[in-house]
Amino acid sequence: MKKGIIWIIAVMITASLAIYGVGCKVEEAVEEAVEEAVEEVTEAVEEEAEEISTETILKIGYVNKFLNIDWFQNEEQGIKDFAALNGAEYIGAVDANNDLEKFLAGVDQMIAKGANALALVVPNPSIGPAVADKCNDSGVAMVTIDDPFLDSEGTQIPHTGMNGIQAGNIAGEEAAKYMIANGYDQISDGSVFIYSMAVDQIPPCKDRNDGFIEGIKKNIPDWDFENNFQRIDFSASGNVVEEAIESAAAVFQSHPDVEVWIVYSCDDAGAVGASLAMTERGMDTNSLTIPQNGASPVITEWAKDNPYIKFAITQFSWAHGFVGASLLYEQVINGKAVDENTLLPAMLLTKELAKELYPDDVVTFGRPADMDDIIASKDPEKYYTIEDFIPNYLQ
């Protein structure tokens, strides 16, 4: 740049001297040449600055409510992989350990480290407005993953995650098939009971439980929901599985005449806890608990031949992170508004399919086995999307 400035000035002075000649007019010629040169340099600097400003680098931070859970660890990996493939920078993550104040502090920490985009999984949507205010005040783009929230004006932040209704529908339909196959749909004396472990203050969990009930009603329209069904809120604060065991045991204790239980939880821990409570009570192994996620706790229980977990509903959380990062890319790099919801489909997970997907019992939630090799040999001119790895995944 310095050479360019000197060259411009020299050319302008030389040209002026050639025009005006030497003598008393030299000083005037030099002054005019310098003025013109400064104008040229100013324009050049402004153009170069504009070019540099367009070369924005996406810098992503991840603030999560429970990063010790493998579902979220694989979600984080999806963000990292997107960044590695598409020239973004991954700033790092903060684990709030389900603490609201720690989460807010984590947002501040990521912004202070230079993040211009945040992927957010909040402990509770009630802190959404405070989180959004922090990001908006700092010009930081946002995407929520798994758990959506609103800003202080009531507008939803761009969101990606599970299609909760669809996921719950699958669970309800599969539960109904199981009940019909065993003749339980015809029993109305209270010995067969459906129990929904709900977390209704978390919108995606509410959707999953709503979808579960829809799936049951669609396939067993005459089921007596008034007398043979309960939807009970289960909100864990620490050791989720242990608290789920206690919660489920209390429900089982209150219904001593029930012989077969059909239990659905909007996450793995609730259903695993319920199955362990069944084991402790020596309950009929025809009872069923349905986990939602199909993560390591489920794989672990299947390895122990847990008889109560006959199937699960799963998704690819790696893809949630990858898609979330792509939505941030659209906002920061391409300057585009993104859809309010980018929902991703769930699928049925059986013990047999789990062995096929995770032969080493390591749950990767959709991350391609050769992803490290893909990153090492990536095409720097290519923009990688989720469709490159999981075709037809976006709904």
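Residues numbered from 1 in each chain as written. Predicted model: local features only at pLDDT ≥ 70, side-chain atom pairs only at ≥ 80, totals over all residues. Heavy atoms only, no water.

**Focus on the overall build of the protein**
Each helix and strand in the protein was counted, giving 13 helices and 13 strands. Of all 395 residues assigned to the protein, the portion counted as buried reaches 49%. Counted over contacts in the protein with a minimum sequence separation of 6, partners at least 24 positions apart contribute 73%. For the protein, the exposed area adds up to about 18400 Å²; of that, 50% sits on carbon and sulfur atoms. (Helix = DSSP H or I, 4+ residues; strand = E, 2+ residues; numbered from the N terminus. Buried < 20%, exposed > 50% of the residue type's maximum accessible area, 1.4 Å probe, protein only. Contact = heavy atoms within 4.5 Å. Areas by Shrake-Rupley, 256 points an atom, 1.4 Å probe, with all protein chains shown as cover.)

**A short note on the nonpolar core**
Met-179, Phe-212, Ile-290 and Phe-389 are the most contacted members of the largest nonpolar core, which totals 74 residues. Of the residues forming this core, the biggest block, eight residues, is contributed by helix α11 (residues 317-332). Not counting residues within four places of it along the chain, the set of residues in contact with Met-179 comprises Tyr-184, Asp-185, Val-192, Ile-194, Ile-216, Ile-220, Trp-223 and Ile-262. Of all hydrophobic cores here, the second largest spans 21 residues; its members include Ala-96, Val-107, Ala-115 and Val-122. (Core = buried A, V, L, I, M, F, W, Y, C linked by side-chain atoms within 4.5 Å.)

**Some words on the layout of surface pockets**
Approximately 780 Å³ is the volume attributed to the largest pocket. Considering the residues around the largest pocket, the lining is formed by 33 residues, among which Lys-65, Phe-66, Ile-69, Val-240 and Asp-267 are closest to the centre. Mapped onto the lining of the largest pocket, the elements with two or more residues apiece are α3 (70-85), α7 (203-219), α8 (240-253), α9 (268-281) and α10 (296-303). Looking at the lining of the largest pocket residue by residue, the class counts come to 18 nonpolar, eight polar and seven charged. Approximately 270 Å³ is the volume found for the second largest pocket. For the second largest pocket, the full set of lining residues is Phe-316, Leu-357, Tyr-358, Pro-359, Asp-360, Val-362, Thr-364, Gly-366, Arg-367, Pro-368 and Ala-369. Its residues assigned to classes, the lining of the second largest pocket comprises seven nonpolar, two polar and two charged. (1 Å grid on protein atoms, 1.4 Å probe; cavity = no way out; pocket = protein on both sides within 12 Å on 5 of 7 lines; lining within 4 Å. Points joined across faces, edges and corners; volume = space filled by probe spheres on them. Nonpolar A, V, L, I, M, F, W, Y, C, P; charged D, E, K, R; others polar.)

Geometric descriptors of this kind do not, in isolation, establish any biological role.
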